[in-house]
Amino acid sequence: MIERSHLEVLRAVEAEGSLTAAASRIHLTQSALSHSVRKLEQQLGTPLWLREGRQLRLTQAGGHLLALANRLLPQFEHAEMLIDQFARGQAGTLRIGMECHPCYQWLLKVVGPYLEQWPAVDVDVKQKFQFGGIGALFGHDIDMLVTPDPLHRPGLVFEPVFDYEQVLVVAANHRLADKPWAEAADLEPETLITYPVAIERLDVFNYLLVPANTRPARHKTIETTDIMLQMVAAGRGVAALPRWLVTEYSERLAIVPVKLGKEGISKQIFLGCRERDVGVQYMDSFMKLAREVRWR
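Residues numbered from 1 in each chain as written. Predicted model: local features only at pLDDT ≥ 70, side-chain atom pairs only at ≥ 80, totals over all residues. Heavy atoms only, no water.

In this structure, what is going on with the pattern of salt bridges? I would like to understand it.
Close approach of charged atoms lets side chains of opposite charge pair. Summed over all chains, the structure comprises 16 salt bridges. The shortest N-O distance in the salt bridge between Glu-8 and Arg-4 comes to 3.2 Å. With a gap of 4 residues between them, Glu-8 and Arg-4 both fall in helix 1 (residues 4-16), about one helical turn apart. Classification of Glu-8 as partly exposed rests on a relative accessible area of 28%. For Arg-4, a relative accessible area of 26% puts it in the partly exposed group. For Arg-25, the salt bridge is made with Glu-16, and the minimal N-O distance between the two is 3.3 Å. For Glu-16, a relative accessible area of 36% puts it in the partly exposed group. Within this structure, Arg-95, Asp-143, Arg-274 and Asp-277 form a network of salt bridges that share partners. (Salt bridge = Lys/Arg side-chain N within 4 Å of Asp/Glu carboxyl O. Helix = DSSP H or I, 4+ residues; strand = E, 2+ residues; numbered from the N terminus. Buried < 20%, exposed > 50% of the residue type's maximum accessible area, 1.4 Å probe, protein only.)

Honestly, unusual backbone geometry in this entry has me stumped. Any pointers?
Apart from glycine, the bulk of residues carry a negative phi angle, and the bulk of peptide bonds sit in the trans form. A positive phi is found at His-27, a non-glycine position, where the angle reads about 60°. One can find His-27 in the loop between helix 2 (19-25) and helix 3 (30-44).

When you look at the environment of Leu-202 in this model, what are you seeing that I'm missing?
Residue position: Leu-202 is located in the loop between strand 8 (191-194) and helix 7 (203-209). Accessibility expressed as a relative area gives 10% for Leu-202, which makes it buried. Residues Leu-202 and Arg-25 lie 177 residues apart in sequence; the distance between their C-alpha atoms is 41 Å. Apart from residues lying up to four places away in sequence, Leu-202 is in contact with Thr-194, Val-197 and His-219. (Contact = heavy atoms within 4.5 Å.)

Just to check I follow, could you spell out the nonpolar core for this structure?
Inside soluble globular proteins, nonpolar side chains tend to come together where they are buried. Grouped together as the largest cluster of nonpolar side chains are 46 residues, with contacts concentrated most on Leu-94, Trp-106, Ile-269, Tyr-282 and Phe-286. In terms of residues, this core owes the most to one element, helix 10 (residues 281-292), which gives 6 residues. In terms of nonpolar packing, the next biggest core, distinct from the first, is built from 19 residues, Val-9, Ala-12, Leu-40 and Leu-58 among them. (Core = buried A, V, L, I, M, F, W, Y, C linked by side-chain atoms within 4.5 Å.)

How should I be thinking about the packing of aromatic side chains in this particular structure?
When we look at a pair of aromatic rings, we describe it by the centre distance and by the angle of the planes. For the structure on display, the rule yields 4 aromatic pairs. A ring pair is formed by Trp-106 and Phe-162, whose centres lie 6.1 Å apart and whose planes are at 5°; its orientation type is stacked. With Trp-106 in helix 5 (residues 104-117) and Phe-162 in strand 6 (residues 156-171), this residue pair connects regions lying 56 residues apart in the sequence. Given a relative accessible area of 0%, Trp-106 falls into the buried group. Summarising the aromatic geometry, the rings of Tyr-114 and Phe-286 are spaced 5.0 Å apart at their centres and angled 75° between planes, so their arrangement reads as edge-to-face. Of this pair, Tyr-114 sits in helix 5 while Phe-286 sits in helix 10, and the two are 172 residues apart along the sequence. (Phe/Tyr/Trp six-rings, centres within 6.5 Å; stacked < 30°, edge-to-face > 60°.)

Don't take any of this as a statement about function, it's just geometry.
If you want it as structure tokens, here you go:
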């Protein structure tokens, strides 16, 4: 009863907000689209939209079908893309999701050589996902996930590709700049600047502050690495970032890395993909290249 074309209509109308705009998006006339909607509602025995002036609002039944469309249509599109790649021979787009804010500079070192090796494969990088990184993999919104904190689930494979140390970043004239390592108590009077992610996903909290049952005086979030490190260099706070990133920025900013805790915090960058995609040549090649590229 419910066909793929119906799901595409639902998604188009919800995205565009009107039948006229949706019809243009999916290359139908408005009358043909209206007829398709009426026929589907008759088959289902319930309305899918309520008209409010010029706007359409989904009913409960319509909302359920839209959720189904958002889950199934990306999988149809992904399957068609793969089949087309197989037919044309190793062509298409590798969609990479990022759960590691400071990893873009590292990723660029991989993407450049990869594009040279695979001229028929494009790369698209996504950072925000409707269902999170794991959900984006299962939902076929992305093909590969870059993360320092993999969640192992049946059907997914994660491979470590790069080791690094998470360090505290302070201004060159900061009181902690010459210490061999920073303890949790050292951060109590500080303004800690982090990316806008949940506290439970921040290593400086998980490995240092929470075990010591302490908190910084202030916690500020900034989205961009450049602004974050400019703030640190200006003495407006401290941050926790990979040592390789701090080393790169220290060439142009007055910042220094300080070990977090006496033992330090050792981390790895992982690449994750769906188990069924293991063996796809252009994806395996990206994994291999990522293991070879190091921050220098």
